[in-house]
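# Descriptive analysis of the structure
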Amino acid sequence: MSLKAKIEVDGKVFEFPVLEGSEKEKAIDIGKLRAESGYITIDHGFMNTGSCASGITFLDGELGILRYRGYPIEQLAEKSSFIEVSYLLVYGELPTADQLKSFSQKIADNSKLPEGAGKIIDAFPKDAHPMAVASATSVALSAFHHKYTSANPSAAEKEEVIALMLGQFKSIAAHQYRRSQGLEPIASNPALSYCEDFMSMMFGGKVNAEVAKALDILLILHADHEQNCSTSTVRVVGSSNANVFASISAGIDALWGPLHGGANQEVLEMLAEIKKAGGDHKKALERAKDKNDDFKLMGFGHRVYKNFDPRAKIIKKACDSILTQLGVKDELLDIAKGLEQEALADDYFKSRNLYPNVDFYSGIIYRALGIPTNMFTVMFALGRMPGWLSQWKEMRETKETKISRPRQVYVGSPVREYTAINKR
Ligand code: SDX
């Protein structure tokens, strides 16, 4: 017998169906609420509101669970590769060896930027924030790949443009870095793996296998995270049948925010500040707890995880092994660990279930790989690209998808007459 929910208002009772997901999550389908009751709901920040049913990523914030298409993130980080995980997110199944080879080849074949796109990157000032360059160049790609800008792309076009975007964004990220350093861009080398190729396009020369592996793990951990702010933005923009380049560019802009993907850069700047002030992290904790101070402990807290972010656990463990392998000693890692230890023992953080999130330790590894701090959020976008693209594809292929157009409760002025300017 299917579950029902009842809402009683104004002495009337309204019944609504309950949807149950494959992990027993339940949702009240209020699709007919306004038509039947005249009421809407309001839910600031959509903390209790689902925007869609999705089969891509499952996370349980209470239990600290994260799975891509049913596979636990811990197993994927240990055994898979970023491109294999990208295939899994987009197609729903782990690829065979031939499928993986063909997918990797398509991405490699699409890694050369159109000359005009390179010129757009070159036109930016050297000190432009990499996220501005990434967002602008991503939407500019629509001018060079007309074939993929139709309001209703075919299945083949969706598959092709996903491989294209994975290849192109890797090159946008590396090209903008080279130009910011006053260097010539380095061409993609199709003989290299995705992460080796990226590092080679960034820094040139032979890429250390440990470095490529460390980056691969980081990108896997960032690859998707269900309906977060930037993914929801990709879906909202895509729901108007805007093309994928516009949707992705909007997602990049949402990710830039310091409350979202921009936090990984803020964490490193916060740790460097603490180091500069003598390494005493107690002051940072006091500021984070002070209601009159808008300082937040960056890299801590999460809308969904009210337990450890499983990705933060994996990254923290990887920090020690990667820095040892690379022979890198980073005082900021010790400060971060001290800060975490202190915060986890502090009632303010414990009572609000504030734990380290994916952004708390990731910057330590990016730094050890030689990635500049202002590029950390672009690295987040590089990892999240397959997630955004798979969510965009799922949204476009779901028959329930409608253009996103929320309602509101008006709290402004009642009706009034226009008055001539000399009468005001
Ligand atoms: C990402 O959604 C995703 O999945 C995102 C992400 C992904 O993979 O896509 O996981 C990536 O964005 C991770 C989050 C990165 N952001 C940061 O690290 C910035 C610091 N964190 C906070 O800004 C905050 O924790 C958020 C934005 C992450 C979550 O904010 P919420 O869910 O809106 O919670 P809230 O701001 O209402 O906080 C609840 C309470 C408040 O105190 P009270 O009003 O109850 O007294 O906790 C406090 C907040 O002031 N609080 C913090 C804090 N985070 C929350 N206090 C100090 N430092 C913090 N970091």
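Our structure's up above, just so we're on the same page.
Nothing here was measured: the structure is a model prediction, and the numbers come from that model.

## Points about the sheet that holds strand β3 (residues 26–28)
Sheet architecture is open: three strands sit in the order β1-β2-β3, paired in antiparallel fashion. Of all strands in the sheet, those with a lone pairing partner are β1 (4–9) and β3, marking the two edges. The sheet shows a mean angle of 30 degrees between the axes of neighbouring strands, direction not considered. For strand β2 (residues 12–20) and β3, the ladder comprises three bridges, and the chain directions are antiparallel. The partner of valine 18 across the bridge, within β3, is isoleucine 28.

## Re the site of the ligand
In the vicinity of the ligand there are 24 residues, among which His225, His302, Arg303, Arg311 and Arg384 approach most closely. At 2.9 Å from a nitrogen atom of the ligand is found a main-chain nitrogen or oxygen belonging to phenylalanine 300. Here an oxygen atom of the ligand and a side-chain polar atom of histidine 302 are 2.6 Å apart. Contact with the protein chains removes 78% of the 1,100 Å² of surface that the ligand exposes when unbound. Residues belonging to the shell around the ligand are distributed by class as follows: 10 nonpolar, seven polar and seven charged. Counting the residues that make up the shell around the ligand, at least three belong to each of domain 2 (71–260) and domain 3 (263–369).

## Thoughts on the packing of aromatic side chains
Inspection of every chain in the model, using the stated rule, returns 11 aromatic pairs. Here the aromatic rings of phenylalanine 300 and phenylalanine 360 are separated by 5.1 Å at their centres, their planes lie at 90 degrees, and the arrangement is edge-to-face. Taken together, the residues phenylalanine 300 in the loop between α13 (282–289) and α14 (310–326) and phenylalanine 360 in helix α17 (residues 358–368) connect sequence positions 60 residues apart. Neither phenylalanine 300 nor phenylalanine 360 differs from the other in exposure class; each is buried.

## Topic: the pairing of strand β5 (residues 65–68)
The side chains of a regular strand alternate, first on one face of the sheet and then on the other. Of the two faces of β5, the one holding Leu66 and Tyr68 is buried and the one holding Ile65 and Arg67 is not buried anywhere. Hairpin connection of strand β4 (residues 57–60) to β5: four residues between the antiparallel strands, including glycine 64 at a positive phi of 65 degrees. Counting the residues between successive antiparallel strands, the hairpin from β5 to strand β6 (residues 71–72) contains two residues, one of them, arginine 69, with a positive phi of roughly 50 degrees.

## Points about unusual backbone geometry
Despite not being glycine, aspartate 10 shows a phi value in the positive range, around 55 degrees. As for its position among the elements, aspartate 10 is in the loop between β1 and β2. Aspartate 10 sits in the exposed class, given a relative accessible area of 59%. One non-glycine residue, asparagine 241, lies in the positive phi region at around 70 degrees. Within the secondary structure, asparagine 241 is located in the loop between α10 (229–238) and α11 (244–256).

Conventions adopted
- Residues numbered from 1 in each chain as written.
- Predicted model: local features only at pLDDT ≥ 70, side-chain atom pairs only at ≥ 80, totals over all residues.
- Heavy atoms only, no water.
- Pairing = 2+ DSSP bridges.
- Helix = DSSP H or I, 4+ residues; strand = E, 2+ residues; numbered from the N terminus.
- Axes fitted to C-alpha atoms, helices over the stretch in contact; angles between N-to-C directions.
- Near = heavy atom within 4 Å.
- Polar contact = N/O pair within 3.5 Å; in protein donor to acceptor, adjacent residues only side chain to side chain.
- Areas by Shrake-Rupley, 256 points an atom, 1.4 Å probe, with all protein chains shown as cover.
- Nonpolar A, V, L, I, M, F, W, Y, C, P; charged D, E, K, R; others polar.
- Domains from an automatic or database assignment.
- Phe/Tyr/Trp six-rings, centres within 6.5 Å; stacked < 30°, edge-to-face > 60°.
- Buried < 20%, exposed > 50% of the residue type's maximum accessible area, 1.4 Å probe, protein only.

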